[in-house]
Amino acid sequence: KYNVATFLPRNLFEQFSRLANDYFLIISALQLFTSLSPTSRYSTAGPFAVILFLNMIREIWEDSKRHFADSEVNNRQVKVIRSPDPQQDMHWKDIVVGDIVRVTKNNEFPADLVLLSSSGDQGMAYIDTCNLDGETNLKLRISLESTKTFDNPDKIQKLRGYFEYDLPNSRLYNFTGTLVMEETGSQHPVENDNILLRGSTLRNTDWILGLVIYTGAESKIMMNAQKGRLKQSNVERVVNYLLIGILLFELVVVSIATIGMAVWVEKNREAWYLPYVGSQTSKDTSEGWVTFLILLNNYVPISLYISLEIAKSVQGQQINWDLEMYHPETDTPALTRTTNLNEELGQIQYIFSDKTGTRPSLNPRSVFPFSTVCEVPFLD
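From a predicted model like this one, the values you see are computed outputs, not experimental measurements. (Residues numbered from 1 in each chain as written. Predicted model: local features only at pLDDT ≥ 70, side-chain atom pairs only at ≥ 80, totals over all residues. Heavy atoms only, no water.)

**Q** Account for the overall build of the protein, naming residues and giving values.
**A** Of the regular secondary structure elements, the protein holds 10 helices and 14 strands. Here the C-alpha atoms of the protein give a radius of gyration of 32 Å, more than 25% beyond the 21 Å that 2.2 N^0.38 yields for 380 residues. Once the C-alpha set of the protein is aligned to its principal axes, its extents read approximately 110 × 55 × 30 Å. Residue burial in the protein is summarised as follows: out of 380 residues, 33% are buried. Here the contacts in the protein between residues at least 6 apart in sequence split such that 64% fall between residues at least 24 apart. (Helix = DSSP H or I, 4+ residues; strand = E, 2+ residues; numbered from the N terminus. Rg over C-alpha atoms; globule rule 2.2 N^0.38 Å. Buried < 20%, exposed > 50% of the residue type's maximum accessible area, 1.4 Å probe, protein only. Contact = heavy atoms within 4.5 Å.)

Structure, rendered in structure tokens:
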């Protein structure tokens with residue numbers, strides 16, 4: 001989501017997309033750069049700076065975990081066949097288009113590949129695409145007819161030819177290409193049944209040999225990935241609407257106070273014991289409106305937002321440590337990728353069901369012991 005150059009401007013843009021932060025910024029500017037504040041210059045700016053700083057720390061912490069996860073994936077190793085070496089172990093990030101890789105059973109594909117040969121019958125291979133489309137049933141892929149006999153590194157290194165295929169695109173289920181053999185000049189069509197996409201996993205097949213056609217950001221799974229964006233919970237959106245109402249009420253109160261001040265000044269201009277009243281102008285009355293606005297800025301409690309930032313960070317860590325959300329079979333703990341949506345947990349609005357015939361797991365962890373539908377509670 002961030003890098004060193006974009007962190008500060010992007011984070012500040014996201015923070016000031018919240019109405020409360022815009023409000024606190026205006027109040028802080030009025031206190032710091034005018035002489036109209038009846039309170040300390042830093043009474044709002046100080047806590048507001050703490051809010052911005054805490055949010056930045058939380059975003060850095062969350063994004064650093066994403067960077068760590070990306071680095072872990074990029075540094076996975078796979079066997080690559082490059083002349084003159086029969087096989088060599090290389091990191092995923094070092095793979096380039098045109099490399100031939102050997103992927104073994106139960107491992108993910110490091111890039112988008114054309115299936116050249118496999119250990120399966122007739123060059124067939126089975127893949128799991130649940131990371132791409134959510135389907136758990138295995139899909140069949142077929143080696144190219146002209147290359148399925150190239151089943152070891154020595155043979156595959158003798159393969160000569162070139163591919164013509166689509167430019168990088170996000171279409172997961174469409175592929176058009178042609179393999180042209182150098183020796184004979186014969187052309188062989190390459191279709192979607194011959195493609196292994198990054199993000200899918202090899203199953204029930206000991207190994208495959210595949211030619212890299214798309215890597216990194218040009219792979220189809222990355223072309224379909226959404227860029228990191230600001231995520232707001234439903235509670236936060238409702239708070240923004242409520243804040244508009246609070247601000248309108250505050251403006252009404254400030255205006256009433258200013259009008260009351262102007263009326264009182266007019267009635268007491270001749271009072272000998274109030275010499276400053278007699279010289280007050282309409283400009284002073286306008287400045288009085290700003291003074292009342294600063295004085296009543298606590299209608300929106302800034303301490304509440306500091307508490308929310310701290311609470312979200314602590315809740316995110318507690319979720320990561322929660323043993324009830326730990327899956328011992330795969331040694332997988334809960335992972336909080338963003339704490340902006342903590343309030344959304346457990347608030348189920350829609351339940352979608354398909355008719356694929358997939359039987360749900362009987363694991364007790366997957367059973368809901370309690371739910372509420374249309375304000376009617378249902379117990380297990």
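**Q** Go over helix α2 (residues 19-33), please, and point to the residues and values.
**A** A rise of 1.5 Å per residue sets the reference length of α2, with its 15 residues, at 21 Å; its end C-alpha atoms lie 21 Å apart and thus fit the reference within 8%. Within the span of α2, buried status applies to Ala 20, Asn 21, Tyr 23, Phe 24, Ile 27, Ser 28 and Gln 31. The buried residues of α2 occupy an angular sector of 155 degrees when the element is viewed end-on, so they sit on one face. In α2, the exposed positions angled more than 90 degrees off the buried face are occupied by Ile 26 and Phe 33. (Expected span 1.5 Å × (residues − 1). Arc of directions from axis to C-beta.)

**Q** Please provide a residue-by-residue account of unusual backbone geometry, values included.
**A** A positive phi angle, close to 70 degrees, is found at Asn 106, a residue other than glycine. The topology assignment puts Asn 106 in the loop between β3 (100-104) and β4 (112-118). Of note, Gln 122 is a non-glycine position whose phi angle comes to about 55 degrees, a positive value. Tracing the chain through its elements places Gln 122 in the loop between β4 and β5 (124-128). Exposure remark for Gln 122: the relative accessible area of 59% places this residue in the exposed category.

**Q** Any chance you could break down the nonpolar core for me, citing the residues and the numbers?
**A** Core analysis: the largest hydrophobic core is formed by 20 residues, its most contacted members being Val 114, Leu 116, Ile 156, Val 190 and Ile 195. Of all elements in the fold, only β4, β8 (177-181) and β12 (207-214) reach the threshold of two or more residues within this core. Ranked by the residues each element gives to this core, the list is headed by β12, at 5 residues. Setting aside residues up to four positions removed in sequence, Ile 195 forms contacts with Leu 113, Val 114, Arg 141, Phe 175, Val 190 and Ile 213. Counting 17 residues, the second-largest nonpolar core is a separate cluster that includes Val 78, Phe 109, Ala 111 and Ala 125. (Core = buried A, V, L, I, M, F, W, Y, C linked by side-chain atoms within 4.5 Å.)

**Q** Provide a residue-level description of the sheet that holds β8, including the pertinent values.
**A** Spatially, the 3 strands line up as an open sheet ordered β7-β8-β9, and their pairing is antiparallel. In this open sheet, the two edge strands, each paired with only one partner strand, are β7 (161-165) and β9 (187-190). Pairs of neighbouring strands in the sheet enclose a mean axial angle of 20 degrees, with direction left out of account. In terms of strand pairing, β7 meets β8 through 5 bridges, oriented antiparallel. Looking at β8, one finds that Gly 161 is bridged to Met 181. (Pairing = 2+ DSSP bridges. Axes fitted to C-alpha atoms, helices over the stretch in contact; angles between N-to-C directions.)

**Q** Got a sec to walk through a nonpolar patch on the surface? Specific residues and values, please.
**A** A grouping of Tyr 126, Leu 138, Leu 140 and Ile 142 is seen on the molecular surface, where their side chains present a nonpolar patch of about 300 Å² in accessible area. Among the residues examined, Leu 138 registers a relative accessible area of 35% and is labelled partly exposed. (Patch = residues over 30% accessible without salt bridge, like charges linked within 9 Å, V, L, I, M, F, W, Y side chains within 5 Å. Areas by Shrake-Rupley, 256 points an atom, 1.4 Å probe, with all protein chains shown as cover. Salt bridge = Lys/Arg side-chain N within 4 Å of Asp/Glu carboxyl O.)

**Q** Describe the packing of α2 against helix α9 (residues 282-295), and please don't skip the residues or the numbers.
**A** Contact pair α2 / α9: the axes reach a minimum separation of 10 Å and the direction vectors enclose 120 degrees. The angle between α2 and α9 places the two elements in the oblique class. By crossing handedness, the relation of α2 to α9 is classed as left-handed. Taking contact as the criterion, the partners of Ile 27, Leu 30 and Gln 31 in α2 are, on α9, Val 290, Leu 293 and Ile 294. Broken down by class, the residue content of the contact of α2 with α9 amounts to 5 nonpolar, 1 polar and no charged. (Parallel < 35°, antiparallel > 145°, perpendicular 65-115°, else oblique. Left-handed = near helix turned anticlockwise from the far one by under 90°. Nonpolar A, V, L, I, M, F, W, Y, C, P; charged D, E, K, R; others polar.)

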